[in-house]
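Listed here are the chains, written in short residue letters.
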Amino acid sequence: MKYLKFLFVVAISLQLFSCDEMEVLKEVPLDFYSPENSYTKPVHIETALNGIYGSVRGFYNGHEGREDIHLGTDLAMGGINPATRAFGDYPSSLTPTSGIVSSRWGDMYRVIYLSNVILNRISDIEYLTEDEKNEHIGEARFFRGWAYRTLVFFYGGVPIVTEEISSPKRDFVRNSKEEVLAQCVKDFLFAATNLPKISDVAAEGRLCQAAANHMLTEIYLAQKDWDNAIAASSKVIDDPNFSLMTERFGVKADQDGDPYWDLFQRNNQNRSAGNKEGIWVIQIEFDTPGGGGSKNHWSAQSQFERFIVPLYWYLKDPDGVNGFVGPTSKNGGRGIGNVRPTDHYIYEIWQSDWDNDLRNHSRNIQRDWVFDNPNSAYYGLKVSENLDLSKNDTLRWFFAYPTKLTTKGDHPAEVIQDPATGVMFGSAGATYRDRYMIRLAETYLLRAEAYLGKGQKDKAADDINKVRGRANATLVADGDVDIDYILDERMRELDFFEQRRLTLSRLGMLVERTREYNPYSGETIEDHNGLYPIPYSEIERNSEAVLEQNPGYVN
């Protein structure tokens, strides 16, 4: 495993400095970090954990190269040459040598390695209280469980490593899917017991018991352990510290809007803003070193806006004049339209409740634009009513998108190039806002899935209707609840904030749903593409044992 081996070499190199060939070489340096003093205090563990939080922040950030979480599913397709790029052509996109296949593997095993380092060395560190130590252990075990959960849904069974490895190892073998899921349960159970309650976390964005119980629910669902899934999710739902936001709140509560819209306004994601729905929120600190947000370039931060908002500002009016002054905050920002939602998301899932469901309101899904170039004879007129989109829509330029992917009308002043027109700098294009990793609405939908698995459709409908009721949507009847309805409801509520590929892979429905709802990927996806291949580079380097490839792939 390339990433593991790299880290092993580093570990070995560090160990060489501690050889006691001569007594004088045992002197411990005090003015810089070394193997002898890097893990001697709780603050060192805190620093190491912060590094893992940073790694997780980059897990999916909207960049097309990281949009495998959504592309090639029932949710999204490529905006540029969708038949050949971005999982439009599955056989060429998903091979054992594909870059995304090896990077996902390497990223997760890096999190596992760093977690194991903490867990191995923390026993020698003196803490003021055992609770403080167990909290740090709980965070490390959460991250390890989260990484294995991600790996098992991407690849199926993978090698389980629960100890820090300090020498080269080339004999990894795959554990079964069931064994990996069992390891996830162990880690999340410890985390759920030892992490603080949300009311006691040290800072916004830190893990809490509810995050672990939410993840436990997902794993129990994968095991078809309905009762434990219901029990774990109920611990979150019944916690008085959490509730769905059903009333207006936050920085724009006095403006035209709705509670769902409020959830995604800038500075509204954390509990300090009165938000009781966020369970785990990734912190994006704008223009702060290491904060994941920068005015200088979009690549340092969440890039949903850049890659999933259409390239509307390239559209010309019927006379061939530029219809827009450029990319502006009021129009959704500086999108380039590389990733496009499927028609299933844009149209089909809303048909039965188009005018009632607030999540489909124009402030939550933008479906049209107004020409804003004063030099155009069509200034102030709608694009859809004045362009023959069959000629002008290249998939990339004009499509509906959820406005929560951008900070529409609220970009930082530092990314506005011309305050008079609102045109943004070329370095703009990020989503300048903290990002939900886990939100209570999803916990309700997971519990609904567990109730459905147990045959209790009435209770499943009750949980779904908690979410639909907040959106003013028509409530679902018990008899209409099935797994496809829940998946559509997840799409309505979570869209690109869901790790869609992992959800569908967990359910074994990726191939089925992609064939039904993705016009490009659905033509090329093959049965074995429900799982990623094991990276060929890892198989090749694992020279002392066989790291078996997933069926259907050729090394």
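Scroll up to find the structure.
Criteria and thresholds
- Residues numbered from 1 in each chain as written.
- Predicted model: local features only at pLDDT ≥ 70, side-chain atom pairs only at ≥ 80, totals over all residues.
- Heavy atoms only, no water.
- Helix = DSSP H or I, 4+ residues; strand = E, 2+ residues; numbered from the N terminus.
- Buried < 20%, exposed > 50% of the residue type's maximum accessible area, 1.4 Å probe, protein only.
- Contact = heavy atoms within 4.5 Å.
- Areas by Shrake-Rupley, 256 points an atom, 1.4 Å probe, with all protein chains shown as cover.
- Axes fitted to C-alpha atoms, helices over the stretch in contact; angles between N-to-C directions.
- Parallel < 35°, antiparallel > 145°, perpendicular 65-115°, else oblique.
- Left-handed = near helix turned anticlockwise from the far one by under 90°.
- Pairing = 2+ DSSP bridges.
- 1 Å grid on protein atoms, 1.4 Å probe; cavity = no way out; pocket = protein on both sides within 12 Å on 5 of 7 lines; lining within 4 Å.
- Points joined across faces, edges and corners; volume = space filled by probe spheres on them.
- Nonpolar A, V, L, I, M, F, W, Y, C, P; charged D, E, K, R; others polar.
- Core = buried A, V, L, I, M, F, W, Y, C linked by side-chain atoms within 4.5 Å.
- Expected span 1.5 Å × (residues − 1).
- Phe/Tyr/Trp six-rings, centres within 6.5 Å; stacked < 30°, edge-to-face > 60°.
- Lys NZ or Arg CZ within 6 Å of the ring centre and 35° of its normal.

Caption draft 1: Broad picture of the overall build of the chain. Broken down by element type, the chain carries 19 helices and 10 strands. Residues classed as buried in the chain amount to 57% of the 555 residues present. Of the contacts formed within the chain by residues at least 6 apart in sequence, a portion of 70% connects residues at least 24 apart. For the chain, the accessible surface area stands at approximately 22,200 Å², while carbon and sulfur atoms represent 49% of it.

Caption draft 2: Representation of the packing of helix H8 (residues 226–237) against helix H13 (residues 440–453) in the model. In contact at an axis separation of 9 Å, H8 and H13 are set at 155 degrees when each is read in the N-to-C sense. One finds that H8 runs roughly antiparallel with respect to H13. For H8 against H13, the interelement crossing comes out left-handed. Between H8 and H13, the contacting residues are Trp 226, Ala 229, Ile 230, Ser 233, Ser 234, Val 236 and Ile 237 on the first element and Leu 440, Thr 443, Tyr 444, Arg 447, Glu 449, Ala 450, Tyr 451 and Gly 453 on the second.

Caption draft 3: Fine view of the pairing of strand S10 (residues 435–439). Counted residue by residue, S10 has 5 buried out of 5 residues, so it is predominantly covered. Here 4 bridges tie strand S2 (residues 278–282) to S10, and the two strands are oriented antiparallel to one another. Pairing of Trp 280 across the sheet is with Ile 438, part of S10.

Caption draft 4: Quick peek at empty space enclosed by the protein. For the coordinates displayed, the defined rule picks out 4 cavities of 30 Å³ or more. Space inside the largest cavity adds up to approximately 130 Å³. Lining the largest cavity are 15 residues, and of these Arg 149, Glu 218, Met 437, Glu 442 and Gln 499 sit closest to its centre. Listed by contribution, the elements that provide at least two residues to the lining of the largest cavity are helix H5 (130–155), helix H7 (209–222) and S10. In terms of residues, the lining of the largest cavity owes the most to one element, H7, which gives 3 residues. Classifying every residue of the lining of the largest cavity gives 7 nonpolar, 3 polar and 5 charged. Approximately 50 Å³ is the volume found for the second largest cavity. Lining the second largest cavity we find Phe 264, Tyr 436, Met 437, Ile 438, Arg 439, Glu 442, Leu 494 and Phe 497. The element contributing the most residues to the lining of the second largest cavity is S10, with 4 residues.

Caption draft 5: Quick peek at the side chain of Asn 134. As for its position among the elements, Asn 134 is in helix H5. Apart from the residues lying within four places of it in its own chain, the contact partners of Asn 134 are Phe 190 and Asn 194.

Caption draft 6: A look at unusual backbone geometry. Despite not being glycine, Asn 81 has its phi angle at roughly 45 degrees, a positive value. With respect to the element layout, Asn 81 can be found in the loop between strand S1 (76–78) and helix H3 (90–93). Phi at Lys 224 takes a positive value of approximately 60 degrees, unusual for a residue other than glycine. Position of Lys 224 relative to the elements: it lies in the loop between H7 and H8.

Caption draft 7: Structural detail: the nonpolar core. Judged by nonpolar contacts, the single largest core of 140 residues is most densely connected at Phe 142, Phe 143, Trp 146 and Trp 280. Excluding residues within four positions of it along the chain, Phe 143 makes contact with Leu 49, Ile 52, Tyr 53, Val 56, Val 111, Ser 115, Leu 207 and Trp 280. Ile 416, Met 424, Ala 428 and Tyr 432 belong to the second-largest nonpolar core, a separate cluster that totals 6 residues.

Caption draft 8: Inspection of H5 at higher detail. A rise of 1.5 Å per residue sets the reference length of H5, with its 26 residues, at 38 Å; its end C-alpha atoms lie 37 Å apart and thus fit the reference within 8%. With 22 of its 26 residues buried, H5 lies for the most part within the structure. Following H5 by one or two positions, Gly 156 adopts a phi angle in the positive range, close to 85 degrees.

Caption draft 9: Looking closely at the packing of aromatic side chains. The tally for this structure, following the rule as stated, stands at 25 aromatic pairs. Where Phe 142 meets Trp 280, the ring centres are 5.4 Å apart and the plane angle is 90 degrees; that geometry is what we call edge-to-face. Within this pair, whereas Phe 142 is found in helix H5, its partner Trp 280 is found in strand S2, the two being separated by 138 residues in sequence. Ring centres of Phe 371 and Tyr 378 lie 6.5 Å apart, and the angle between their planes is 70 degrees; this geometry places the pair in the edge-to-face category. When sorted by exposure, Phe 371 lands in the same class as Tyr 378, which is buried. A connected cluster of aromatic rings, assembled from ring pairs, spans Tyr 312, Phe 324, Trp 369, Phe 371, Tyr 378, Phe 398 and Tyr 401. It is Arg 271 that lies over the ring of Phe 242; its NZ or CZ is 5.6 Å from the centre. Across from the ring centre of Phe 264, 5.0 Å away, lies the NZ or CZ of Lys 404, which sits over that ring.

Caption draft 10: Layout of H8. The end-to-end C-alpha separation of H8 is 16 Å, in line with the 16 Å expected for 12 residues at 1.5 Å each. Taken together, the buried positions of H8 are occupied by Ala 229, Ile 230, Ala 232, Ser 233, Ser 234, Val 236 and Ile 237. Those residues of H8 that are buried lie in contact with H7, S2 and H13.

Caption draft 11: The packing of H13 against helix H14 (residues 457–470), seen in detail. At a minimum axis distance of 7 Å, the contact between H13 and H14 shows a crossing angle of 160 degrees. Between H13 and H14, the crossing angle belongs to the class labelled roughly antiparallel. Crossing handedness for the pair H13 and H14: left-handed. Across the interface between the two elements, Ala 441, Tyr 444, Leu 445, Arg 447, Ala 448, Tyr 451 and Leu 452 from H13 touch Lys 457, Lys 459, Ala 460, Asp 463, Ile 464, Lys 466, Val 467 and Arg 470 from H14. Here the contact of H13 with H14 is composed, by residue class, of 9 nonpolar, no polar and 6 charged.

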